[in-house]
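Tertiary structure, described
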Amino acid sequence: MSTTDLPASHAKLMDGVYRWQRHIYDLTRKYYLLGRDRLIAGLDVPQGGTVLELGCGTGRNIVLAARRHPNARLFGLDISAEMLETANAAIAREGLAARVSLARGDATDFDAKELFGVERFDRVFVSYSLSMIPGWEKTVSAALASLAPGGSLHVVDFGQLERLPRWFQALLRGWLRKFHVEPRASLRNILESESERTGATFHFRTLYRGYAWLGVIGTRK
């Protein structure tokens, strides 16, 4: 999908949300986007492998993954031009431009070959983006379709806060709505059904008393 085909309303919304927030995003989000580093630590990228992040935001996760896997090639996709501006600056600052490529696109419908010149990836990950993407289920399907044989999809996002106090649940959900974030109650079911549909393995963990959910779908070689 080209930039001219992007869902205009959602792209405009995300640019509006992050036009100013992107400058303080990483400083503030480290306190409540929990489980991101655990996801990155579990990527286990093969030597010289390829990694795609859907909803790459400020580039924070890609930078960390690039440091951890110095022989990997990394790619990032985001619908917000504002966020990509910050991400490109971060990648240039870290001296990673030779190994990291970013593109503007819709995570629910993208052509990796057109955007990056790569059709399949060894690892695809989505960190706290599904809770902001309309039609997010399509992102899961698109991510699995872009995996190489033996590749894996890694997802971390808000859980249902099931073992946390009700006052905290209400407070957090109210705060998240201000940023158009909605924890996906059916996330686990969708990941599990997609793994069954594709004959893949599925591993799921509940983190921090339900604050975050972490799922991994592994395809067969």
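Residues numbered from 1 in each chain as written. Predicted model: local features only at pLDDT ≥ 70, side-chain atom pairs only at ≥ 80, totals over all residues. Heavy atoms only, no water.

**Some remarks on the nonpolar core**
Ranked by size, the top nonpolar core spans 32 residues in total, and within it Leu 39, Leu 74, Tyr 128, Phe 158 and Tyr 211 carry the most contacts. For this core, the elements supplying multiple residues, two or more each, are α3 (36-41), α4 (60-68), α5 (81-93), β5 (147-158), α8 (166-177) and β7 (212-218). Per element, the largest residue contribution to this core is 4 residues, and it comes from α4. (Core = buried A, V, L, I, M, F, W, Y, C linked by side-chain atoms within 4.5 Å. Buried < 20%, exposed > 50% of the residue type's maximum accessible area, 1.4 Å probe, protein only. Helix = DSSP H or I, 4+ residues; strand = E, 2+ residues; numbered from the N terminus.)

**Some remarks on the pairing of β7**
Of all 7 residues in β7, 6 are buried, a share of seventy percent or more. Pairing between β5 and β7: 7 bridges, direction antiparallel. Paired with Asp 157 across the bridge in β7 is Trp 213. Here strand β6 (residues 201-207) runs beside β7; their pairing, made up of 7 bridges, is antiparallel. Residue pairing for β7: His 203 is matched across the bridge by Val 216. (Pairing = 2+ DSSP bridges.)

**Topic: the sheet that holds β5**
Spatially, β3-β2-β1-β4-β5-β7-β6 is the arrangement adopted by the 7 strands of the open sheet, whose pairing is mixed. Across the chains shown, the open sheet's two edge strands, defined by having one partner strand only, are β3 (100-104) and β6. Averaged over all pairs of adjacent strands, the angle between strand axes in this sheet comes to 15°, irrespective of strand direction. Bridge analysis of strand β2 (residues 73-78) against β3 gives 5 bridges, and the strand direction is parallel. Pairing of Asp 78 across the sheet is with Arg 104, part of β3. Packed on one face of the sheet, helix α7 (residues 136-145) meets β1 (50-54), β4 (121-127), β5 and β7 and runs near 150° to β5. (Axes fitted to C-alpha atoms, helices over the stretch in contact; angles between N-to-C directions. Contact = heavy atoms within 4.5 Å.)

**Remarks on α7**
Listed in full, the buried residues belonging to α7 are Trp 136, Thr 139, Val 140, Ala 142, Ala 143 and Leu 144. Among the structural elements, β1, β4, β5, α9 (187-198) and β7 are those in contact with the buried residues of α7.

**Description of the pattern of salt bridges**
Two side chains that carry opposite charge are able to pair once their charged atoms sit near each other. Under the criterion given, the structure shown has 4 salt bridges. Taking the shortest distance from any N to any O, the salt bridge between Glu 94 and Arg 67 comes out at 3.0 Å. In this pair, Glu 94 sits in the loop between α5 and β3 while Arg 67 sits in helix α4, placing the two residues 27 residues apart along the sequence. (Salt bridge = Lys/Arg side-chain N within 4 Å of Asp/Glu carboxyl O.)

**Section: α5**
An ideal rise of 1.5 Å per residue puts 18 Å on 13 residues; α5 measures up with 18 Å between its terminal C-alpha atoms. The distance from a side-chain oxygen at the start of α5 to the backbone nitrogen of Glu 82 is 3.3 Å, and the residue carrying that oxygen is Ser 80. Of the residues flanking the end of α5, it is Gly 95, one or two places downstream, whose phi is positive at about 70°. (Expected span 1.5 Å × (residues − 1). Polar contact = N/O pair within 3.5 Å; in protein donor to acceptor, adjacent residues only side chain to side chain.)

**Observations regarding the packing of aromatic side chains**
Inspection of every chain in the model, using the stated rule, returns 10 aromatic pairs. Look at Phe 75 and Phe 121: their rings are 5.5 Å apart centre to centre, the planes differ by 65°, and that puts the pair in the edge-to-face class. With a gap of 46 residues between them, Phe 75 in strand β2 and Phe 121 in strand β4 connect regions that are remote in the sequence. Judged on exposure class, the residue Phe 75 and its partner Phe 121 are both buried. The structure contains a cluster of three or more aromatic residues connected by ring pairs, namely Tyr 128, Phe 158, Trp 167, Phe 168 and Tyr 211. (Phe/Tyr/Trp six-rings, centres within 6.5 Å; stacked < 30°, edge-to-face > 60°.)

**Some words on the packing of α7 against α9**
One way to put it is that α7 packs onto α9 with a least axis distance of 11 Å and a crossing angle of 35°. Note on packing geometry: the crossing formed by α7 with α9 is right-handed. Contacts between α7 and α9 involve Trp 136, Glu 137, Val 140, Ser 141 and Leu 144 from the first element and Leu 187, Ile 190, Leu 191, Glu 194 and Thr 198 from the second. For the contact of α7 with α9, the residue count by class is 6 nonpolar, 2 polar and 2 charged. (Left-handed = near helix turned anticlockwise from the far one by under 90°. Nonpolar A, V, L, I, M, F, W, Y, C, P; charged D, E, K, R; others polar.)

**Some points on unusual backbone geometry**
We note that Leu 161 has phi near 60°; this positive angle belongs to a residue other than glycine. Phi is positive for His 180, which is not a glycine, with a value near 60°. Its relative accessible area of 40% is what places His 180 among the partly exposed residues.

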